Amino acid sequence: MSKEAKLVVTGVTKRFGGLLALNDVSFSVESGEILALIGPNGAGKTTLFNCLTGFLKVDGGTVEFNGRNITNWSPNQICSLGVARTFQVVQVLQGMTVLENVMVGAYLRNPRTTPAREKAVAVLERVGMLDRADVLAVNLTLPEKKRLEVAMSLATEPKVLMLDESMAGLTPTEAAEASQMIRSLRDEGLALIVVEHVMEAIMPIADRVIVLESGTKIAEGSPEEIVSNPRVISAYLGDKYAKRVVN
Amino acid sequence: MYLQLTVGGLLLGCVYGLVAMGLSLIYGVMGIVNFAHGAFVMLAMYASFWLNRFLGLDPVLSSPLIALLMFGFGVLMYHAVIGKVLEGPFLARLLVTFGLSIFLINSAQFLWSPDYRMVENPMFRGIIMLGPVFIERPKLVASIGSLIVAGLIYWFVRKTKTGLAIQAISLDRMAASLMGINIERLNGYAFGLGCACAGAAGAFLAEFYYIFPDVGTMFGLVALVAVALGGFGSTEGALIGAILIGIIETVGGFIVGSEFKYALVFLAYLVIVILRPRGLMGWGAD
Amino acid sequence: MKDTNRTSKTLLILAVLASIILPLFVKARFMQHILVMVVLYAVLGQAWNILGGYVGLVSIGQAAFFGLGSYVSSYLQVEYGINPWIGFALAGVITAVFGFLVGLPVTRLRGRYFAIATIALGQVMKVLFENWQRVGAATGLMLPLVKEGLGTLQFHTSKLPYYYIGLAMLGIIILFMWYMERSRLGYYFKAIRENEDVAAAMGINKTLYKLIAIAISAGITGMCGTFLAQYSLYVEPEYMFNHNISVTIALIAVFGGTGNILGPILGSAILLPISELSRAWMGSTGTGIDMMIYGAFIVLICVYQPQGLMGVVRNIQARARAQVERRGAHV
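What you see is a predicted model; the values in this text were computed from it and never measured. (Residues numbered from 1 in each chain as written. Chains lettered and ligands numbered in written order. Predicted model: local features only at pLDDT ≥ 70, side-chain atom pairs only at ≥ 80, totals over all residues.)

### Quick word on the overall build of chain C
Point 1. Across its full length, chain C holds 14 helices and 2 strands.
Point 2. Relative to its length of 331 residues, chain C is compact, with a C-alpha radius of gyration of 21 Å against a globular reference of 20 Å.
Point 3. For chain C, the C-alpha atoms occupy an extent of roughly 75 × 50 × 40 Å along the three principal directions.
Point 4. Here chain C holds 331 residues, and the buried ones make up 52% of them. (Helix = DSSP H or I, 4+ residues; strand = E, 2+ residues; numbered from the N terminus. Rg over C-alpha atoms; globule rule 2.2 N^0.38 Å. Buried ≥ 20, exposed ≤ 12 C-beta atoms within 10 Å, placed from the backbone.)

In structure tokens:
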């Protein structure tokens, strides 16, 4: 469904007052690729997401989508262009049913109700939530809400999908299902940027990994390269441990 | 001339400030925008009037008594009405004090007729000259009195045990309740204190202002604008906002015509809030 | 499921027929007056509902639009002799544009900051019209008394024609809202109410949709202003820009229940008779006791019925459904 797409991030910088939350971060992601974005708490992963999707204004650097400069566009414009996201703290439309939630997303490409509903039903079937279609979102369990969020994003027919910790808090079985889903989305030609705190969940499916620490990109490479990178190990486990591993 | 006007605005602003402080306190602690605050001022003005009529007590002297009465009235109102809607939906919380205001204003009209009244022989009259500026004595007394009461409330909230407990509620309800703070009782006190502010201000105003059932409405609205200007939840902001409004009202009213002075105040609110959506010093979300 | 659908359809048809036929038997002018007020405020409540109930922008300043609309048609009529129907349409357009323009800055505000901004707007408009000599300042405008008829939008012998015109307005707005609820517009409105960040992440231009909502709401409210001007044949700031109009409109929606079509109709049908009757029975002495009752009533609603009447209906429905399910489980 999606053509070739490419998101290029160059030198993105973000300050909160005196705090440098993102420092000159650059990377790119293409169709058919899973890019994992990892890093310890407070490394700036969510801030980066917010900057890429227009929820925060960047202080420097550019974001380009298929050669078009979309830096500091508004969130809805960026979504319309085909870059969708989920939120770290799950965000759904609590007072509306699951189907209505997904329809809100589907309306973006289908202004009329009947096609929008058909699209929403198709997406719900895809994520295995069709049996929950008439439940109010507020009554869902947390894993269900996370899945709903993905469904809503998918309904906007994105070319780039950014998932913010959509596996946190899931049981191993659920996480495996989620991994399977992410992989199949990639195989359909989506570009995925996946923020994950839990390395075990993301490493097996990632094509490429970038590591943020204190707002700075400290490593980029294949999962194998990353797990043996001393800087990454020290960022995650502290210097002492890193030395021991390398030695 | 402008110095004269600015001083006048400053004096007015201090009284507004006391009213606004009460509003801000109530909002900060329980998230209620008290649209009945003006009606509380009105009640206090009538109370001063009747105390003066029957006991010959001057409003300025009776202000502590009025504040105390209004404190009791506020505690009562909290337990009878306000406390019952705190968990309710946004609209109910917003409109309940509207209802209260309409009820109180019309009760006053029913009991005491819509006639304008004035305190006879107030203790403070006339003007004093301060360099090139002349100042009306009752307004000076009212503003100084307002500042004193505002200071007392500020001290109470910041320094006493009860005050600190009230502050704890405004910071984190849940945690406060886990710490064994009796939220219901303290909310009642906070609402009472807010009313006491309106009460003291009403007493000071009664010294020189006409008294009629609808008199408080504009005070309430102006105080509300002051609180929003300062930023909901910021007591100091409310005071600063109120003084700003006092000056806008008198100086601006002089420039564009006094019939437009309140329009000007509301326009100022619109402009400032649009530029700074959370007020000048606010931290409160919507 | 099918059964409940059929019963609600029957109920709907009965209600429509009753609202058309029953008033024909109402001969007392005062009772006719109450009917007119009920439909007028039902329309106003719906207009508020679009903004407050669906998009979640609570306005307590609808009188600004109401008053403006009443002055547009009245001024055109008094000054240029323009037919009130044209004034009616222009009032809708002009107040909608006004709402849009005001909305540009004001819809950026959230929650109570927005609510207070609308109060401020109402007050500013009132003061401006009180001092605008061209439109009669505080004394306002008297509409010329002309021959009654649908063409002149004046009726003297009976108030019922006003009722039917109001009913037609209500019918049109209900149809519009029925359509809205099933269209992208309604879904987007609700999405913005539920969560602005999610709405933006779903590609919704929330600024644009808020402006659409305020323009529609203002336009309808402005047309209602024209309606009341034609009904009372005069306009003055204290009357048309009265803050109580704004409060009553919001209250109707709260009492009936927000975010659905039936709520404002129920709210208006119950609240307006209470307010008008208490005024008629006790207000004539000028004591304010009617407003006392009204104020107490608002407090009681907020304390004891904060979910609105529709909330009660829904609770009963839910309880009934639970009972049916329980019975089903036993079998």
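Let us keep going from here.
### Re the overall build of chain B
Point 1. The helix and strand inventory of chain B stands at 11 helices and 2 strands.
Point 2. Mapped in sequence order, the helices and strands of chain B form the string α-α-α-α-β-β-α-α-α-α-α-α-α.
Point 3. Over its C-alpha trace chain B gives a radius of gyration of 18 Å, about what one expects of a compact globule, namely 19 Å for 286 residues.
Point 4. Residues classed as buried in chain B amount to 56% of the 286 residues present.

### Considerations on unusual backbone geometry
Point 1. Of note in the backbone geometry, N72(A) takes a positive phi value of approximately 60° without being a glycine.
Point 2. Tracing the chain through its elements places N72(A) in the loop between β5 (68-69) and α2 (75-81).
Point 3. Its identity as a non-glycine residue notwithstanding, L233(C) has a phi of 60°, on the positive side.
Point 4. Along the chain, the position of L233(C) falls in the loop between α9 (206-232) and β2 (234-235).
Point 5. The exposure class of L233(C) is partly exposed, given the 15 C-beta atoms found within 10 Å.

### Considerations on the interface of chain A and chain C
Point 1. The partner chain C presents 17 residues to the 22 residues of chain A that form the contact.
Point 2. Elements with a minimum of two residues in the side of chain A that touches chain C: α2 and α3 (98-106) of chain A.
Point 3. Looking at the side of chain A that touches chain C residue by residue, the classes come out as 11 nonpolar, 9 polar and 2 charged. (Contact = placed C-beta atoms within 7 Å. Nonpolar A, V, L, I, M, F, W, Y, C, P; charged D, E, K, R; others polar.)

### Observations regarding the interface of chain B and chain C
Point 1. In this assembly, 35 residues from chain B lie in contact with 36 residues from chain C.
Point 2. If you list the elements that add at least two residues to the side of chain B that touches chain C, you get α3 (59-85), α4 (90-112), α9 (215-230) and α11 (261-275) of chain B.
Point 3. Looking at the side of chain B that touches chain C, the element that brings in the most residues is α4(B), giving 14 residues.

### With respect to the packing of helix α11 (residues 243-256) of chain C against helix α12 (residues 262-282) of chain C
Residues and elements named next belong to chain C.
Point 1. Viewed as axis vectors pointing N to C, α11 and α12 meet at an angle of 110°, and their least axial separation amounts to 7 Å. Between α11 and α12, the angle is such that the two are roughly perpendicular. Contact residues: α11 offers L251, I252, A253, F255 and G256, while α12 offers G263, P264, I265, L266, G267, S268, I270 and L271.
Point 2. Among the residues forming the contact of α11 with α12, the class breakdown is 9 nonpolar, 4 polar and no charged. (Axes fitted to C-alpha atoms, helices over the stretch in contact; angles between N-to-C directions. Parallel < 35°, antiparallel > 145°, perpendicular 65-115°, else oblique.)

### Considering the arrangement of the chains
Point 1. A comparison of contact numbers over the 2 pairs of chains in contact places chains B and C at the top.
Point 2. For chain A and chain B, which are not in contact, the least C-alpha distance works out to 14 Å.

### Observations regarding the nonpolar core
Point 1. In this structure, V19(B) and V225(B) are the most contacted members of the largest nonpolar core, which totals 290 residues.
Point 2. Discounting chain neighbours no more than four positions away, the residues touching V19(B) are H37(B), V41(B), C197(B), A198(B), A201(B), F219(B) and A223(B). (Core = buried A, V, L, I, M, F, W, Y, C linked by C-beta atoms within 7 Å.)

### Overview of the packing of α4(B) against α11(C)
Point 1. For the pair α4(B) and α11(C), interaxial distance at closest approach is 11 Å and the crossing angle is 135°. By the criterion of interaxial angle, the relationship of α4(B) to α11(C) is oblique. The handedness of the crossing between α4(B) and α11(C) comes out as left-handed. When α4(B) is examined against α11(C), the residues L91(B), A92(B), L95(B) and F98(B) are found in contact with a partner set consisting of V247(C), A250(C), L251(C) and V254(C). (Left-handed = near helix turned anticlockwise from the far one by under 90°.)

### Details of the sheet that holds strand β9 (residues 208-213) of chain A
All names here are of chain A.
Point 1. Strand order across the open sheet formed by 6 strands is β6-β7-β8-β3-β9-β10, with mixed pairing between neighbours. Each edge of the sheet is formed by a strand with only one pairing partner; in this case those strands are β6 (83-85) and β10 (216-221). Across the sheet, the mean angle separating the axes of adjacent strands is 20° when strand polarity is ignored.
Point 2. With 5 bridges connecting them, β9 and β10 associate as antiparallel partners. Its bridge partner lying in β10, L212 is registered against K217.
Point 3. Helix-sheet contacts for helix α6 (residues 172-187) involve β3 (33-38), β7 (160-164) and β8 (191-195), and the interaxial angle to β8 is about 155°. (Pairing = 2+ DSSP bridges.)

### So, the environment of G92(C)
Point 1. In this fold, G92(C) is placed in helix α4 (residues 84-106).
Point 2. In contact with G92(C), other than residues within four places in its own chain, are G219(C), G222(C) and M223(C).

### A closer look at the pairing of β3(A)
All names here are of chain A.
Point 1. Of all 6 residues making up β3, 5 are buried, and the element is well covered by its neighbours.
Point 2. Pairing of β3 with β8, which is carried by 5 bridges, proceeds in the parallel orientation. Paired with L35 across the strands is I193, a residue of β8.
Point 3. With 4 bridges connecting them, β3 and β9 associate as parallel partners. Looking at the pairing, L35 lines up with R208 of β9.

### Details of the environment of K27(C)
Residues and elements named next belong to chain C.
Point 1. With respect to the helices, strands and loops of the structure, K27 is situated in the loop between α1 (2-21) and α2 (29-54).
Point 2. Accessibility expressed as a C-beta count within 10 Å gives 9 for K27, which makes it exposed.
Point 3. K27 sits 230 residues away from G257 along the chain, and the two C-alpha atoms are 31 Å apart.

### Topic: the pairing of β8(A)
Residues and elements named next belong to chain A.
Point 1. Of all 5 residues in β8, 5 are buried; the element is thus mostly enclosed.
Point 2. Of the two faces of β8, the one carrying A191, I193 and V195 and the one carrying L192 and V194 are both buried.
Point 3. By the bridge criterion, 5 bridges tie β7 to β8 in an arrangement that is parallel. Counterpart to V160 in the pairing with β8 is A191.

### Remarks on the sheet that holds strand β2 (residues 19-30) of chain A
All names here are of chain A.
Point 1. With antiparallel pairing, the 4 strands of this open sheet are ordered in space as β2-β1-β4-β5. Edge positions in the sheet fall to β2 and β5, since each has one partner strand and no second.
Point 2. Sheet topology note: the strand β1 (residues 6-16)/β2 ladder contains 8 bridges and is antiparallel. Residue pairing across strands places F16 opposite L19, the latter belonging to β2.
Point 3. Those strands touched by helix α1 (residues 45-52) are β1, β2 and β4 (60-65), and its axis lies near 65° from that of β2.

### Overview of α9(C)
Residues and elements named next belong to chain C.
Point 1. Over its 27 residues, α9 extends 39 Å from the first C-alpha to the last, a length consistent with the 39 Å expected when each residue adds 1.5 Å.
Point 2. Most of α9 sits out of view: 22 of its 27 residues are buried.
Point 3. Of the residues trailing α9, L233 is marked for its positive phi of about 60°. (Expected span 1.5 Å × (residues − 1).)

### Some words on the confidence of the model for chain C
Point 1. Overall, the prediction assigns chain C a mean pLDDT of 85, with 95% of residues at 70 or greater.
Point 2. Confidence metrics for the complex model read pTM 0.85 and ipTM 0.88. (pLDDT = per-residue confidence, 0-100.)

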